[in-house]
Every structure is written in structure tokens, then in C-alpha cells.
Amino acid sequence: MDAKVTAQKILQEVGGENNVKNLTHCVTRLRFSLRSTEGIDEKKVGEIPGVMGVVNKGGQFQVIIGQEVPVVYQELQKLGGCGTDKAKDGIPQNEKKKGLNVLLDTIAGIFSPIMPIIAGAGMVKALLSILTLFSLIDKTGNTYYFLNFIADASYYFLPVFLAASAAKKFGCSMQMAMLMGAVLLHPNLIALKETGDIVRVLGIPVRMVTYSSSVIPIIMIVFVLSYVEKFVEKITPAVIKFIARPLLTILIMAPIGLVVLGPLGSIIGDGLVAFLLSVEKIAPWILPTVIGAFMPFLVMTGMHYSLLPAYVNSLSALGYETVIGPGNLPSNIAQGAAALCVAVKTKNRELRQLSVSSGVTALLGITEPALFGVNLRLRKPLIATTIGGGIGGLYAGLTGVQRFGGGGAGLAAIGLYVGPDSRNVINALIAAFIAFVVTFAIQWRLGFEDVPEESGAKEETGVKEKSSGSGSHKLSISSPLNGDLIPLSQVNDQVFSSGMLGIGVAVRPWEGKLYAPVNGTVASVFDTGHALGIVAENGAELLIHVGMDTVELQGKYFKPHVKAGDRVKTGDMLLTFDKEAIEKEGYETVTPVIVSNSTNHTAVCKGEPGMIKAGDLIMTVE
């Protein structure tokens, strides 16, 4: 990659120097704050040599470069591509979004953090359904009772979870927002409902509503809370601010929430569920067919986030949903079928390996590797996916398939479709089978423009030449943290989860101590201390990135213990960080461990998810 040429082309495609308000970079991507994104062709930017992808979110136009990003950044500075507009803390001001982008970004910010809770509870429900179906558990026993109420807790206390994520999105106190959610669920408020639908407090009528499992009321309350907090902050004297600010906020928000926003949000939520039920009654095939056909495009544009309120509201109110699941299952299976068909027909060894791994992963419910690595790249597989997924979704809709929990939409989560009627899961499997067969057949017929071997894969000699140190012997990579090992696909950042930066895993840490996972040399330590690179003895290049978007903390809470050029051994302390403080600021501390030059090695074997200690094996690289 010629960094100067790459920088020139990027600056040209983003509208030139005059369109750049500010430019920063993290360890893998350039972060542009642009005056306008109109007229920018993201596809052209993504095709620039040296550019791995483009993400336009959060008011930032992000260009993914990989570990060469500092070099490209320096070239952009020389070209005058670094603006001077900065926020008061040195963080670039985000471009204000308009219209649909604002709505999608808000919905994504609120619902994405709570989806693991919904998914986990859904899988517990699926497990109970399967155990009950095969008479492996007694529904009257304590085991079933405990697992059932544990799963139900995620839905019952949904207002509290939503309050926390909404507070982060709207920029107000998370603790105060969660208090508002707790107020809605207090047993004494629930008990008042028995006295009547309307209760008067100081002469003011309060409509009694059951807020457990509700979605919209708390979002409306937290939105208004964000403005009330600013108002209280402005009018409260500094001398009594510590006491008066929370007191006034509660006294203002509690009546507004219980008298106006809560009941209004409940009416809107009930109306949404009623609308979904009417659509299901009149034409139950519409949503599954549309989702089955166009889910890949919804994911690419972020439009799938617009369905989350209806999806979560349906699950919590009805105990099942037909908004996403019945169509998403055949869509994901179709993605896997298209990728596997490519694997059978291609003569490119690297593409075949990618197609097999991503195809199997898509069948299990994770489609990003297949979507971005194979189907979108080759174009025609996406056509086959659309047709096959749509036909599978049509069958699911016509047979009334329902999903009884939140979570995945693949064969690994088929238990979510086990319900009172055993025909539901059978029809779900038939829909998946139809999607697979139709997609595979159409893709076989359509074919695709194969990637030439010399441009699609590294020659064996190239692998050996690029690998340094002791050659291409097997390398064991240890966990750099004590925590929970999770698949890279579960990381809440598409750049990491899609495998765009390389193959790897991630660790959700228990404490703020990061150790060396291999013997090697520290290649780089990012200025803000949140990420570093290590070159292992066999030439594998590792990227360790603590948290998501933690570059915005500007080094606060991070303390590196090594510098570029240092030799390290497995288990050496690399950096420490204040995990609690980072999470209190609203940032995730999930830490991806990426082999950024994984295409130069013959194998990368990931460890099994679960609890893990620093020093335990998580990957092997050859």
C-alpha cells in the first residue's frame, strides 16, 4: 500500500479538505467529522487500495485501514486533511444527523446493549421448551420454576434495562433513569391498580398501567429526563446543588412520568402490538417474506434497527414475535447456502476456505462473514440469497411460524421456535430447508465471477517470506485477560465482528489487567493507551483493543507498561486500566484479540466460549 496515494484518494472521495471539519484516528480507522456526507460514494471509498471498509455512524465517517492507519493519517495531515473544530474535551464534534438517520441511530443505541439479555433469556426459554418437549424436565418441579422466572426477569425488568441504555444515548444520568424505571415497577404502584384504573393524587388523575415488560413508556420518560436534568442544573445554586439537583429532578420527573408519559407510552405500545396482530391476521405472510428477502440489505444499511421496538414489544407483550424471527431464519440459512455453493464451485483456495467457514457460521445464525466476505463481494450470491430467503420466509408466514424468545436466527437457535404446538418448529425447519435448497440451486445456475488464484490468495512462498522470526511454526496465543471468552461475532462493532480486521476472539474482562498473550515484540502502543500491537515470533501480528470507542476517552483510565520496540514474554504486564470507571463513562470493555495478518497463516483455531483465565489458550496460529 502506498500511504500517500491512499490518503490522496480518500481525501478526494470524502469531498476534499474544505469538507473535513475534524480528523482523528484510533488504532484501526480514520474518524472523519465531515461538514456534509451528501454526494460521497461509500463504495468508491471502500475500493481505494489500502481501505478495508467504511462505516458511517455516530456522526463520524469512519474509514477502516487496519494497523497502517497512523501512516495514512500522517499523509492526510500533510495534505491538509485535518480540520481544527474540536469539542471542549478534545473529542471531535459529531456532525448532526437528520431525519431517518437520527431515528435509526437512536433505536440502535438504546436496543443494541440490551439484546444480549433478551437473547440469553430467550435461549433459556428455548432450552426449557426442548427439555419439556422430550419430557426431560418436570414443569411442576423447582428446577423448571427457577429457570423460568430467571428467564422472565429479563422481560419483567425491561424498563430498567432500557432506562440504562437510553440514558447513555440521550446523555443523562444513568442512575436517575434507572430509578424512573424502578418507579414504574414498584409493587406499591402495581397494587394501586386493584383499586381502579384511575387514582387521584393531589387531585391529579393518574391512569394505572402495568409497566412490566413495557418498552415505549420508559424511553419517552428518559428522553424528557435528559432535558429536565439540564434545566435543573441551570437553576440550582452551586451551594446546594449536590442535594437539590436529584431532589428537584425526582419531584419533576415522577409526576410527568406517571401522569403523562407513562400512560401515553403504554397507549402507543398497545397500539403497536394491535397493529402487528391485525397484520398477522390479515396477511401473515407479508413480514416474513419481506424480511426473508431483504434482511441482508436491512443489515447493510442499518434499517433492521427500526424493527427492534416492535420486535421487543411483541415478545414482552405476547410471549412470541413474528416481526423478525420467522423471516430472519430462512434469510440466514440462504446466506449460508449461497456461500457454501461458492465454496463448491470456486477454484480459489482462499475463497473456498472463507466460503466454507462463513457459510457454516451463517447456517448457525451469524451472517456477517458470509455477507461481507463472500455474497456482497461476488454480487450474484446476494441475488440468490434474496430469492431463496424470500421464498423460505413466504412459507414461514403462510404456516404462521412464531419465535418464542429473543436471540439468534439460525440452526443453533432453533429451540426458540419450539412452542405449545410442535408443528411450529417443524414448519420453521421446513422454511429453512426451502431457503437452503432454492438458494443453492439458483446460485449454482447463476454462477459468479471467480476470483483468480493469484489475486485472491497468497502464494505459499509469500506466506513464508512474510512470516519472520522462527518461521511458520505453530504459535499458541494465550488469553491476555481474566474474563469471559466470546466469539468475535458477538462484539458490538461491525468492523471487528465481521472479521474485517482479521480473525480472532474477544474477552469480556473481569479486571483491568492486560497481559502479553505471546512472546514477541511490541510493534505499537496507541497514544491513548487503549490498544496495542504485538508481532509474535512466527510473524503473526496481533492487535489487542480494549473496549469499544474507548479512543474517545483520550487516554483517561489507561496506563501502558510497555512501549514500541519492547520485547515481551507471555504473561508480562502490558497495560492496566480502570474497568469500572470506563464502564461508568458508558463504554464497553470487551477486548478483541485479532490476528491482523491472518490471511498469511495456514490456520487460526479459536478457543471455546466461556470463562477463561489469563494464560489459557484461546487461539493457535500456524
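Fair warning: this is a prediction, and the values are worked out from it, not measured in the lab.

Asks: Outline a nonpolar patch on the surface, listing residues and values.
Replies: A grouping of W285, I286, V290, F294, F297, L394 and L398 is seen on the molecular surface, where their side chains present a nonpolar patch of about 600 Å² in accessible area. For the nonpolar patch, the secondary structure elements donating two or more residues are helix 12 (286–301) and helix 17 (380–398). It is helix 12 that contributes the most residues to the nonpolar patch, four residues altogether.

Asks: Just give me the short version of the pattern of salt bridges, but keep the residues and values in it.
Replies: For the structure on display, the rule yields ten salt bridges. Here R245 makes a salt bridge to E233, at a shortest N to O gap of 2.7 Å. With a gap of twelve residues between them, R245 in helix 11 (residues 241–282) and E233 in helix 10 (residues 216–235) connect regions that are remote in the sequence. A salt bridge links D421 to R423; the shortest N-O distance between them is 2.8 Å.

Asks: How would you explain unusual backbone geometry if you had to name every residue and give the values?
Replies: You will see that S135, though not glycine, has its phi angle at about 55°, which is positive. Note that S135 resides in the loop between helix 5 (115–133) and helix 6 (142–156). Among the residues examined, S135 registers a relative accessible area of 64% and is labelled exposed. Here R379, not a glycine, exhibits a phi torsion of approximately 70°, which is positive. For R379, a relative accessible area of 44% corresponds to the partly exposed category.

Asks: Give a detailed account of the packing of aromatic side chains, specifying residues and quantitative values.
Replies: All chains considered together, the criterion is met by ten aromatic pairs. Between the aromatic rings of Y145 and F146, the centroid separation amounts to 6.1 Å while the plane-to-plane angle is 70°, which identifies the pairing as edge-to-face. Judged by its relative accessible area of 54%, Y145 falls in the exposed class. With a centroid separation of 5.1 Å and an interplanar angle of 50°, the aromatic rings of F146 and F149 are classed as tilted. Of the two residues, F146 and F149 are both situated in helix 6; the distance of three residues between them amounts to about one turn of the helix. Stacked on the ring of W444, the Lys or Arg K345 has its end atom at 4.8 Å from the ring centre.

Asks: Give me the packing of helix 14 (residues 325–345) against helix 16 (residues 368–378): which residues, what numbers.
Replies: It is the contact of helix 14 with helix 16, at a shortest axis distance of 10 Å, that shows an interaxial angle of 65°. As summarised for this structure, helix 14 and helix 16 are arranged roughly perpendicular, according to the angle between their axes. Between helix 14 and helix 16 lies a crossing of left-handed hand. Here helix 14 contributes Q335, A338, A339 and V342 to the contact with helix 16, which in turn contributes A370, L371, V374, N375 and L378. Residue classes in the contact of helix 14 with helix 16 are distributed as seven nonpolar, two polar and no charged.

Asks: Quick rundown of the sheet that holds strand 13 (residues 541–545)? Include the residues and the values.
Replies: Spatial strand order, 15-11-12-13-17-9-8-19: eight strands in an open sheet with antiparallel pairing. Of all strands in the sheet, those with a lone pairing partner are strand 15 (567–568) and strand 19 (610–612), marking the two edges. Two elements, strand 12 (residues 531–536) and strand 13, share five bridges in a ladder whose sense is antiparallel. For I534, the partnering residue across the bridge sits in strand 13 and is L542.

Asks: Requested: an account of the nonpolar core, with residues and values cited.
Replies: Ranked by size, the top nonpolar core spans 55 residues in total, and within it F111, L162, V215, I218, V222 and Y311 carry the most contacts. Among the elements that line this core, the one with the most residues is helix 10, at nine residues. Two domains each provide a minimum of three residues to this core, namely domain 2 (102–277) and domain 3 (283–444). Discounting chain neighbours no more than four positions away, the residues touching V215 are F111, L158, L162, V312, N313 and S316. Core analysis: the next-biggest nonpolar cluster, separate from the first, contains 32 residues, L514, F558, L575 and Y587 among them.

Asks: Any details on the pairing of strand 2 (residues 29–34)? Residues and values, ideally.
Replies: Of all six residues making up strand 2, six are buried, and the element is well covered by its neighbours. Across the two faces of strand 2 the burial is the same, with R29, R31 and S33 and L30, F32 and L34 all buried.

Rules used in this analysis
Residues numbered from 1 in each chain as written. Predicted model: local features only at pLDDT ≥ 70, side-chain atom pairs only at ≥ 80, totals over all residues. Heavy atoms only, no water. Patch = residues over 30% accessible without salt bridge, like charges linked within 9 Å, V, L, I, M, F, W, Y side chains within 5 Å. Areas by Shrake-Rupley, 256 points an atom, 1.4 Å probe, with all protein chains shown as cover. Salt bridge = Lys/Arg side-chain N within 4 Å of Asp/Glu carboxyl O. Helix = DSSP H or I, 4+ residues; strand = E, 2+ residues; numbered from the N terminus. Buried < 20%, exposed > 50% of the residue type's maximum accessible area, 1.4 Å probe, protein only. Phe/Tyr/Trp six-rings, centres within 6.5 Å; stacked < 30°, edge-to-face > 60°. Lys NZ or Arg CZ within 6 Å of the ring centre and 35° of its normal. Axes fitted to C-alpha atoms, helices over the stretch in contact; angles between N-to-C directions. Parallel < 35°, antiparallel > 145°, perpendicular 65-115°, else oblique. Left-handed = near helix turned anticlockwise from the far one by under 90°. Contact = heavy atoms within 4.5 Å. Nonpolar A, V, L, I, M, F, W, Y, C, P; charged D, E, K, R; others polar. Pairing = 2+ DSSP bridges. Core = buried A, V, L, I, M, F, W, Y, C linked by side-chain atoms within 4.5 Å. Domains from an automatic or database assignment.

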